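Descriptive analysis of the structure
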Amino acid sequence: MSHDLDEALEYLLEEEGGWSNHPADTGGATMYGVTQGTYNSFRKSAGRPQQSVRKITKEEAKEIYNSLYWEASGCHKLPWPISYLTFDAAVNSGPVRAAQWTQSGLGVKADGKVGPATVSAANQAIDQADASKLLGIMDSRVTFLARLVQQKPSQSAFLLGWWRRTQRVLARALTADIGE
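Now for a description of the structure that goes with this document. On a predicted model such as this, the values are computed, not experimentally measured, just so you know.

1. Digging into the packing of helix α7 (residues 131–151) against helix α8 (residues 159–174)
Contact pair α7 / α8: the axes reach a minimum separation of 11 Å and the direction vectors enclose 170°. Accordingly, the angle class assigned to the pair α7 and α8 is roughly antiparallel. Here Ala 131, Leu 134, Leu 135, Met 138, Arg 141, Val 142, Leu 145, Ala 146, Leu 148 and Val 149 of α7 come into contact with α8, specifically with Leu 159, Trp 162, Trp 163, Arg 165, Thr 166, Val 169, Leu 170, Ala 173 and Leu 174. Broken down by class, the residue content of the contact of α7 with α8 amounts to 16 nonpolar, one polar and two charged.

What follows is the structure in structure tokens.
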């Protein structure tokens, strides 16, 4: 697992916090942002008995985040901080959608599969310090969240928190030390 994942995960855990079981959250009970359903699947695939997600260790959470979100959304191929923007979006909205937002922001075909064209566009954006590409990635995400609340009014309880989170994530990305 990479240094970039470690840094992204540190930021992500700040955003996700600890235990939550908000009645309007369609994900249900979560710990470190991992839902009970995801944790059950992870433990089953590892041959471990099911248990409450409240008992998840940070190491288990890291394994889940690495395989189901970091690698699944192609973050391991992308330069920092584009990898971070994509990762945070993958955790909130799924890896394919996050990859599509990244591709859209970078101006490449948004097929949800991070391949050579996406990686090249991401590297070019970082090499040219093109902040507009980072803004484009986040624009797709914010637009989706606003539409989600229109379609599912029960999720409006989370909109302000999502908005603030996207702003913090973008601020971290725009102030990142590129090329470390």
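Text resumes after the structure shown.
2. Things to note about the packing of aromatic side chains
If you walk through the whole model with that rule in mind, you get seven aromatic pairs. Ring centres of Trp 70 and Phe 87 lie 5.4 Å apart, and the angle between their planes is 70°; on these two criteria the pair is classed as edge-to-face. Taken as a pair, Trp 70 in helix α3 (residues 58–70) and Phe 87 in helix α4 (residues 82–93) lie far apart in primary sequence, 17 residues in all. For Trp 70, a relative accessible area of 3% corresponds to the buried category. For Phe 87, a relative accessible area of 0% gives the class buried. Site record: aromatic cluster; members linked through ring pairs are Tyr 65, Tyr 69, Trp 70 and Phe 87.

Rules and cut-offs
- Residues numbered from 1 in each chain as written.
- Predicted model: local features only at pLDDT ≥ 70, side-chain atom pairs only at ≥ 80, totals over all residues.
- Heavy atoms only, no water.
- Axes fitted to C-alpha atoms, helices over the stretch in contact; angles between N-to-C directions.
- Helix = DSSP H or I, 4+ residues; strand = E, 2+ residues; numbered from the N terminus.
- Parallel < 35°, antiparallel > 145°, perpendicular 65-115°, else oblique.
- Contact = heavy atoms within 4.5 Å.
- Nonpolar A, V, L, I, M, F, W, Y, C, P; charged D, E, K, R; others polar.
- Phe/Tyr/Trp six-rings, centres within 6.5 Å; stacked < 30°, edge-to-face > 60°.
- Buried < 20%, exposed > 50% of the residue type's maximum accessible area, 1.4 Å probe, protein only.

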